[in-house]
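Structural overview for review
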Amino acid sequence: MTDALDPADMREQYRTTELSAADLAPEPIGQFARWFKETAANPAIHEPNAMIVSTATPEGRPSSRTVLLKHYDVAGFVFFTNYESRKGRELSANPYASLLFPWHPLARQVIVTGRAVRVGRDETVAYFRTRPHGSQLGAWASPQSAVIPSREDLLARYRELAARYPDHEQVPVPPSWGGIRVVPETVEFWQGHENRLHDRLRYVHEPDGAWRVERLAP
């Protein structure tokens, strides 16, 4: 491996403004909205709604993947998936998740932890109707996370569905497909700084419904 790149030699100094508790919104969704707007306006960031979703089995074996955030409000952060996928099955057995938004060009991260619950069927149907026709067919064609014989097998299934539901035909919502809402218990805002002295401010949801902010060592 003489031509291998050594990641230990890769370093970057982050030069950003300080993040103080006094500058934060009163609750985490308001602060997330501020940062998300700034992130979406930055052309260097591709798909600012991309987030890493981490789940675990009841035995504690973790898995992670990148999905797209499709909605957020005071109730939580929503994405859509096949409930029979690995993450869907893990969330059914162990309904807690972590979300990580890696906004590297801004030297920022947001980390959400909380309980995962399925959204109502009406909400799932309403979102499914906004998806491109091809994506609707894809939700049926792909038995997400299952082992398949080949890519051609997947494409053949898609072609079969496209013939059954041409562009003018409404595609029904798969019964095993729907939304997951992560109801936040903690939300951490991470801002990178020089010498690895980063700002880490974490909102913690209290039993009375209030949010407490604490600073973490980087």
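Everything quoted here is computed from the prediction, not taken from an experiment. (Residues numbered from 1 in each chain as written. Predicted model: local features only at pLDDT ≥ 70, side-chain atom pairs only at ≥ 80, totals over all residues. Heavy atoms only, no water.)

Here's the deal with the packing of aromatic side chains
Taken as a whole and assessed by the stated rule, the structure comprises 18 aromatic pairs. Consider the rings of tyrosine 72 and phenylalanine 77, whose centres lie 6.3 Å apart with planes at 20°: the pair is stacked. Of the residues examined, tyrosine 72 reaches a relative accessible area of 24% and is grouped as partly exposed. Phenylalanine 77 sits in the buried class, given a relative accessible area of 0%. Grouped by ring-pair contacts, the aromatic residues Phe32, Phe36, Tyr72, Phe77, Phe101 and Trp103 constitute a single cluster. In this arrangement the basic side chain of arginine 108 is found over the ring face of tryptophan 35, its NZ or CZ atom lying 4.1 Å from the centre. (Phe/Tyr/Trp six-rings, centres within 6.5 Å; stacked < 30°, edge-to-face > 60°. Buried < 20%, exposed > 50% of the residue type's maximum accessible area, 1.4 Å probe, protein only. Lys NZ or Arg CZ within 6 Å of the ring centre and 35° of its normal.)

Notes on the nonpolar core
Counting 29 residues, the largest nonpolar core has Phe32, Phe101 and Val110 as its most contacted members. Mapped by element, the contributors of at least two residues to this core are helix 1 (28-40), strand 1 (50-56), strand 4 (76-82), strand 5 (96-103), strand 6 (108-118), strand 7 (177-191) and strand 8 (199-205). Residues contacting phenylalanine 101, with those up to four places away along its chain left out, are Phe32, Pro48, Asn49, Ala50, Met51, Leu69, Phe77, Arg108, Gln109, Val110 and Val112. Ranked by size, the runner-up nonpolar core spans 13 residues in total, among them Val119, Tyr127, Ala141 and Leu161. (Core = buried A, V, L, I, M, F, W, Y, C linked by side-chain atoms within 4.5 Å. Helix = DSSP H or I, 4+ residues; strand = E, 2+ residues; numbered from the N terminus. Contact = heavy atoms within 4.5 Å.)

Some thoughts on the pairing of strand 4
For a regular strand, side chains alternate in direction, first toward one face of the sheet and then toward the other. Buried residues dominate strand 4, accounting for seven of its seven residues. Pairing geometry for strand 3 (residues 71-73) and strand 4, over three bridges, is antiparallel. Bridge assignment links histidine 71 to a residue of strand 4, and that residue is valine 78. Taking the residues that link successive antiparallel strands as the turn, the strand 3-strand 4 hairpin has two residues. Pairing between strand 4 and strand 7: six bridges, direction antiparallel. Within the sheet, the bridge partner assigned to phenylalanine 80 lies in strand 7 and is glycine 179. (Pairing = 2+ DSSP bridges.)

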